[in-house]
Amino acid sequence: MTEARPILLSQGRVIDPVQEIDIVADLLIQHGRIQEIAPRISSSEDTNRIDCQGMWIVPGLVDMHVHLREPGEEYKETIETGCMAAAAGGFTSIACMPNTSPPNDNSAVTKFIIERARECGNCRVFPVAAITRGQKGGCLTEFADLLAAGAIAFSDDGLPVADPAVMRVALEYSRNFKTLIISHAEELSLSRGGAMNEGTASTRLGLKGIPAAAEEIAIFRDICLAELTGARLHIAHVSTAGSVEIIRAAKKKGLRVTAETGPHYFSLTEDAVDGYNTLAKMNPPLRTEKDRQAIIEGLRDGTIDAIATDHAPHSVLEKECEFHLAANGIIGLETALPLALDVLVRQEGFAEADIIRLMTGNPSNILGISGGSLDPGKLADVTVIDPEREFTLTTEALHSKSHNSPFLGRTFRGRTVLTILEGRLVFDMLQHAYYMS
Amino acid sequence: MLKSRHILGISHLSPDEISFILDTAQSMKEIMDRPIKKVPPLRGKTIVNLFFEPSTRTKLSFELAAKRLSADTVGIAASTSSVVKGETLIDTARNIEAMRPDIIVMRHSMSGAPHLIANHVESAVINAGDGTNEHPSQALLDLMTVREHFGTLNGLNVTIIGDIAHSRVAHSDIMAFSMMGARVTVCGPATMMPPDPDALGARVCLDLNKAVKDAHVVMALRIQKERQGSLPLFPSEREYARSFGLSRAVTSELRKDAIIMHPGPINRGVEMSPEVADSINSVILEQVTNGVAVRMALFTLLLTDQQKLP
């Protein structure tokens, strides 16, 4: 790869919660690394000087929960299209879940994913390997071998580890490697057959519901097991008020528990399902307004550490059908930041630095990966956000191969306009107007 | 006169529309008492009965209603359809649509399936029961039967007993009766109550005797044995019959003018004792008769109004 020209991001608002920086300044990128942050930096002739007035310069966003669908379901998404969507959404690091076909339960699949991502070159991909072979909930995968191949955490995401004894063993074994177990918390005997949240809307629509208790029981179980084993535990896609309460209590107790939620859980409620809208079908399901408020409070007080998209591409084959048959999940890479700006910053009054922390430093800390800050000397993963740029989400505007978003047609204010990975421009709608809007 | 091109559910209708349908049904019922039970208004119209679930009464009722209005009918049962060959529901509907029917009457085991089809076809769609969601024509025939008896629906107490959570009849009935000013109480094993009865407009009373005390209308739902599955929601039919079955002992405490209803088919001796089903207060067969009249009304209203729509 040829050495990229130095880039000078000029006079933007540099927000880096890790360094506790929030100042208007220049940021210079050279040799793929962040060189300097200073009020004024003079640049050489060959420097690509980009005017960032009115924009935010933040660490490249980190999404710790993405489904890339490759290998096996390339008609939904490939590593290439997923990475393009990530770059367009401002993400420079993403962690991909193991429920591919075959699942990422051995080092060959892990290496394949990393290799494909390297070829694509516009986003750093960190594979999360399966906890159990074939995600079947029985025998553990080879943690040591998977970690050596480049896996960074373990989860049977998409499927819960149903047997608590297996989860206990996984948590215990994870301690040998100081690695992270990510829990897809769902008590299947309570959720089975359910298509949406159990409550008012499910009654109105005559659909079988999934009670909040199905998630909360599973979270509580895994927290008890984390306490028993002394292992680290991360709870994926938290969606209910009760879950927030359980995690809050666990943290208060000093347990090594972290948690994430998806942008949809702080943006939408079960009412989005009205009219049997399969684009609002996901697991865990969209909950009530009370839950949505509790999720926002959890993000505000630090109970929930990270915003992760659970980007789950599905084609029209899985979505244009009977609600019961429709697949769970929505894409999220290209709407996560706009939703955080709309809902958390403008409606809920979050500080800008707080949402950046939830989308950069916190998730990279949890995963133990580089990035997440703008420290001089670090690899230059940088995202430039135009907080005022308006755009309407259309299928044409999406980079993801799938278009299963309940936000299609919605007009957002604020988005990523420039994404830099290791000093290279991987997404640029600042200097190149052709991209759309 | 109807706002929608389709009849997807009671939740899509207004009280005025419901009254209008019931009035129309009343005049249709008169036709059924004539020696020649056939009139010409829908001559040249085609009605497809697309049933993905077995049905005897409802299918026959729709078919007779269509024939009495001189429409041509075709029935498709799931076992003979291309669904078993892996065709999607939307494709099945589009293919039927390509043959230019005027109305598709559809029953499906999944909630919302007729709503999905309605988005993809030009024909009018009538929901003949979708999963655990709605069965609007059943609710309309129930309203008609009750209105014939009491002259009004407003202010009546209606009690529905049984598996409320999984009954599309109950869902449609609760919404329809409460929309027309009746007070709806539901009763049965607590395992069979909906998560949020309020969302439909019903109050739950778990004590059968209290639930039926002031009722003008007592409706027992069929216990669907096929729904019992791997996790039974009550211990035994014996216990259900003793706790929630309508027996003489229960009905003897009812108001003198109370009527007994059942959407059929009845499990005699489970949700209702034979004596109660055949008692003077039972209007179960009137419901069946009115079913044809209500469906004639729906066909007529959908097809005569359709021309006026853009």
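Please read these numbers as outputs of a predicted model, since none were measured by experiment.

## Some remarks on the overall build of chain B
A count of helices and strands for chain B gives eleven helices and nine strands. By the compact-globule yardstick of 19 Å for 310 residues, chain B fits well, its C-alpha radius of gyration being 19 Å. Each principal axis of the C-alpha atoms in chain B carries an extent, and together these give about 55 × 45 × 35 Å. Considering only intrachain contacts with a sequence separation of at least 6, the fraction spanning at least 24 residues in chain B is 74%. If you sum the accessible surface of chain B, you get close to 13000 Å²; carbon and sulfur atoms cover 53% of it. Counting 33 positive and 33 negative side-chain charges, chain B places the averaged centre of each group 4 Å from the other.

## Description of the interface of chain B and chain A
If you look at the interface, chain B gives 18 residues, while chain A gives 16 residues. Interface of chain B and chain A: buried area, both sides summed, is about 1300 Å²; carbon and sulfur atoms make up 64% of it. Run the count over chain B and chain A and you get zero salt bridges. Applying the counting criterion to the chain B and chain A interface returns five residue pairs in polar contact (both at pLDDT 80 or more). Elements supplying a minimum of two residues to the side of chain B that touches chain A: α3 (89–98) and α4 (113–118) of chain B. Ranked by residues supplied to the side of chain B that touches chain A, first place goes to α4 of chain B with three residues. Class assignment of the residues belonging to the side of chain B that touches chain A gives a composition of nine nonpolar, seven polar and two charged.

## Details of the domain arrangement of chain A
Residues and elements named next belong to chain A. Under the domain assignment, chain A is made up of domain 1 (7–57 + 378–428) and domain 2 (60–367). Inter-centroid distance (C-alpha atoms) of domain 1 to domain 2 is 26 Å. The interface is formed by 38 residues belonging to domain 1 together with 47 residues belonging to domain 2. Interface area for domain 1 against domain 2, summed over the two sides, is near 3400 Å², with a carbon-plus-sulfur share of 61%. Looking at the side of domain 1 facing domain 2, the largest losses of area belong to Lys401, Asn404 and Phe407, adding up to 19% of the total buried there. At the junction of domain 1 with domain 2, the criterion picks out four salt bridges. Across the salt bridge formed by arginine 13 and glutamate 352, the nearest N and O atoms sit 3.5 Å from each other. Here domain 1 is connected to domain 2 by 23 residue pairs in polar contact (both at pLDDT 80 or more).

## Here we look at the sheet that holds strand β2 (residues 72–77) of chain B
Residue and element names in this part refer to chain B. The strand order β2-β1-β3-β4 describes an open sheet built from four strands, whose pairing is parallel. Of all the strands in the sheet, the pair left with one neighbour each is β2 and β4 (124–130). The average undirected angle you get between the axes of adjacent strands in this sheet is 15°. Strand direction decides the pairing type here: strand β3 (residues 103–108) and β4, joined by five bridges, are parallel. Pairing of histidine 108 across the sheet is with aspartate 130, part of β4. Most of the contacts of helix α2 (residues 57–68) go to strand β1 (residues 46–51), to which it runs at about 180°, and overall it touches β1, β2, β3 and β4.

## Overview of the pattern of salt bridges
Where side chains of opposite charge bring their charged atoms close, a pairing between them can arise. Residue and element names in this part refer to chain A. Going through the model one piece at a time under the given rule, you end up with 32 salt bridges over all chains. For the salt bridge of arginine 346 with aspartate 342, the shortest nitrogen-to-oxygen distance reads 2.8 Å. Here arginine 346 pairs with aspartate 342, and both are found in helix α12 (residues 336–347), just four residues apart, close to one helical turn. Taking the relative accessible area as the measure of exposure, arginine 346 reaches 32% and is therefore partly exposed. Owing to a relative accessible area of 11%, aspartate 342 belongs among the buried residues under this scheme. When the shortest N-O distance is used, the salt bridge between aspartate 354 and arginine 357 registers 2.7 Å. With aspartate 354 and arginine 357 both in helix α13 (residues 352–359), this residue pair falls three residues apart, about one helical turn. A single network of salt bridges, built from pairs that share partners, joins Arg13, Asp22 and Glu352.

## Topic: the pairing of β2 of chain B
One face of the sheet, then the other: side chains in a regular strand alternate in exactly this way. Residue and element names in this part refer to chain B. With six bridges connecting them, β1 and β2 associate as parallel partners. The residue of β2 that forms the bridge with asparagine 49 is glycine 75. For the crossover from β1 across α2 to β2, the handedness is right-handed.

## Some words on the sheet that holds strand β6 (residues 183–187) of chain B
Residues and elements named next belong to chain B. Read from one edge of the open sheet, five strands run β7-β6-β5-β8-β9, paired in parallel fashion. In this open sheet, the two edge strands, each paired with only one partner strand, are β7 (202–204) and β9 (259–261). Strand-to-strand twist of the sheet, defined as the mean angle between neighbouring strand axes without regard to direction, takes the value 25°. When strand β5 (residues 157–161) meets β6, the two strands line up parallel, connected through five bridges. Each bridged residue has a counterpart across the sheet, and for threonine 159 the counterpart in β6 is threonine 185.

## A word on the confidence of the model for chain B
All names here are of chain B. Model confidence for chain B is summarised by a mean pLDDT of 93, while 95% of its residues fall at 70 or above. This stretch, residues 306–310, has a pLDDT under 50; its non-local contacts, to residues over four places away or in other chains, come to seven contacts. With a pTM of 0.94, the predicted complex shows an ipTM of 0.92.

## Some words on the side chain of threonine 58 of chain B
Along the chain, the position of threonine 58 of chain B falls in helix α2. In this structure threonine 58 of chain B touches Phe51, Arg107, Ala128, His135 and Arg295 of chain B, once residues within four positions along its chain are discounted.

## Here's the deal with unusual backbone geometry
A negative phi holds for most residues other than glycine; trans holds for most peptide bonds. All names here are of chain A. With omega at 10°, the peptide bond leading from glutamate 70 into proline 71 counts as cis. In this fold, proline 71 is placed in the loop between β6 (61–66) and α1 (79–88). Here the bond from asparagine 283 into proline 284 is cis, since omega is 0°, no more than 30 degrees from zero. By the element assignment, proline 284 lies in the loop between α9 (263–267) and α10 (289–301). You will see that histidine 31, though not glycine, has its phi angle at about 50°, which is positive. Here histidine 31 is to be found in the loop between β2 (21–30) and β3 (33–38). Positive phi values are uncommon outside glycine, yet tyrosine 276 reaches one of about 55°. Structurally, the position occupied by tyrosine 276 is in the loop between α9 and α10.

What counts and what doesn't
Residues numbered from 1 in each chain as written. Chains lettered and ligands numbered in written order. Predicted model: local features only at pLDDT ≥ 70, side-chain atom pairs only at ≥ 80, totals over all residues. Heavy atoms only, no water. Helix = DSSP H or I, 4+ residues; strand = E, 2+ residues; numbered from the N terminus. Rg over C-alpha atoms; globule rule 2.2 N^0.38 Å. Contact = heavy atoms within 4.5 Å. Areas by Shrake-Rupley, 256 points an atom, 1.4 Å probe, with all protein chains shown as cover. Lys, Arg positive; Asp, Glu negative; His and termini not counted. Charge placed at Lys NZ, Arg CZ, Asp CG, Glu CD. Buried area = accessible area lost by both parts, 1.4 Å probe. Salt bridge = Lys/Arg side-chain N within 4 Å of Asp/Glu carboxyl O. Polar contact = N/O pair within 3.5 Å; in protein donor to acceptor, adjacent residues only side chain to side chain. Nonpolar A, V, L, I, M, F, W, Y, C, P; charged D, E, K, R; others polar. Domains from an automatic or database assignment. Pairing = 2+ DSSP bridges. Axes fitted to C-alpha atoms, helices over the stretch in contact; angles between N-to-C directions. Buried < 20%, exposed > 50% of the residue type's maximum accessible area, 1.4 Å probe, protein only. Right-handed = clockwise from strand over helix to strand, strands pointing away. pLDDT = per-residue confidence, 0-100.

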